[in-house]
Each structure stands twice: as structure tokens, then as C-alpha cells.
Amino acid sequence: MKFILDFFPILLFFGAYKMADIYTATAVLMAATVVQTALIYKMDGKLQTMHKITLVLVLGFGALTLGLHDERFIKWKPTLLYSGLAIALAVAHGLLKKNFLHMLLGQQLQLPHAVWNRLNLSWMLYCVFMAATNGYVAAYFSTEDWVNFKLWGYAFPLVFILGQGIYISRYLPKEGVDKE
């Protein structure tokens with residue numbers, strides 16, 4: 001259910017764009033993100049910081065896109081989001097000596113400190129890659145190409161997260177193994 005909920009806004013955005021235009025699709029994205037956020041809150045009783053940031057960025061950049069009738073705002077929103085995440089992870093790790101991934105997931109995953117640091121670095125690099133890729137497509141390709149990239153570009157996070165899962169699986173405790 002959560003998997004479908006995560007892709008709900010982008011699928012509706014894509015469908016609205018194909019049936020109408022970027023401005024209709026932006027309005028649909030804004031509404032779908034509000035619904036998505038409300039459903040997550042209803043299911044979990046809380047929102048993660050990422051959900052809050054995404055909601056604010058979608059509504060803010062969506063409002064600018066619609067109000068100024070300028071598609072550049074919605075096209076550059078992912079670049080800003082990914083750049084912000086990369087900077088936040090880097091600043092937390094480098095200056096604050098904190099690992100946000102460990103802080104967020106440390107209760108669910110027991111991993112060695114070095115593994116948490118490699119995961120943090122890989123997420124920083126992934127966010128930089130996604131920010132640069134989206135920025136490049138937004139700047140040098142048509143809106144049609146960018147919308148298609150947004151839909152098919154979801155392969156990047158799926159492959160990345162699968163790779164992360166495979167990487168950490170060797171560090172997870174084996175079930176059924178006695179610890180004597």
C-alpha cells in the first residue's frame with residue numbers, strides 16, 4: 001500500500017500532463033501530494049520530515065508555476081530538493097558529526113558505524129546525481145521530455161534502494177542463528 005502511495009502523485013501528474021498540459025498537471029500534483037500527505041498522516045499518526053519538506057516544496061513551487069505561469073519552477077523543484085538533502089547530509093556528517101540516516105533508521109537496523117557512514121556517503125552522492133540529472137534535463141530538454149524523465153526516472157531510486165538493501169543485507173543478523 002505504501003509503495004503505491006509513494007507513486008500516486010507522480011502517476012497522476014504524468015496522466016494529467018498527457019491529457020492536458022503542465023499547468024493542469026502541476027495543480028493535480030499539488031492536490032495529490034496533499035491527499036498523499038493526509039493519508040500518510042492518517043496511517044502513521046505522524047509525518048516524517050521528508051514528507052513535510054516535499055509537501056512544502058510541491059505547494060510552493062506549484063503555486064509559483066501556476067501563479068507566474070512559468071513551468072520552470074515545477075521542473076526545478078526536484079533539483080532543489082535533492083540538493084538540499086545532499087547538503088543536509090553533508091553538513092550533519094561533516095560539521096555536526098551526526099549521521100541522519102542512523103538517527104532515522106538506527107532503531108530498525110543494527111549496523112556497524114562504518115556501514116552507516118558508507119550509507120550516508122552513498123545517499124549524499126545519489127542526491128547529488130539526481131539533482132544534477134534533473135537539472136540537466138530541466139535545462140536542456142523539452143517539458144515533454146522532462147515529464148517523461150520524471151516518470152521513467154523513478155527507476156533510479158528503485159535501483160538505488162535495491163542496491164542499498166543488498167549492501168546492508170550482509171550486515172543484518174541472521175534469523176534462526178543462536179547467539180551463544
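Structural data are supplied above this passage.
Procedures and definitions
- Residues numbered from 1 in each chain as written.
- Predicted model: local features only at pLDDT ≥ 70, side-chain atom pairs only at ≥ 80, totals over all residues.
- Heavy atoms only, no water.
- Helix = DSSP H or I, 4+ residues; strand = E, 2+ residues; numbered from the N terminus.
- Salt bridge = Lys/Arg side-chain N within 4 Å of Asp/Glu carboxyl O.
- Buried < 20%, exposed > 50% of the residue type's maximum accessible area, 1.4 Å probe, protein only.
- Patch = residues over 30% accessible without salt bridge, like charges linked within 9 Å, V, L, I, M, F, W, Y side chains within 5 Å.
- Areas by Shrake-Rupley, 256 points an atom, 1.4 Å probe, with all protein chains shown as cover.

The subject of this paragraph is unusual backbone geometry. You will see that H69, though not glycine, has its phi angle at about 50°, which is positive. Within the element layout of this structure, H69 appears in the loop between α3 (49–68) and α4 (72–94).

This part takes up the pattern of salt bridges. Tallied over the entire structure, the rule returns three salt bridges. Residue E144 is joined to K18 by a salt bridge in which the shortest nitrogen-to-oxygen separation is 2.5 Å. Taken together, the residues E144 in helix α7 (residues 143–152) and K18 in helix α1 (residues 2–19) connect sequence positions 126 residues apart. For E71, the salt bridge identified is with K75, shortest N-O distance 3.6 Å. Exposure remark for E71: the relative accessible area of 23% places this residue in the partly exposed category.

The next subject is a nonpolar patch on the surface. Residues I87, V91, L95 and L96 make up a contiguous nonpolar surface patch of roughly 410 Å² in combined accessible area. Topologically, I87 is positioned in helix α4. Judged by relative accessible area, which is 54%, I87 ranks as exposed.

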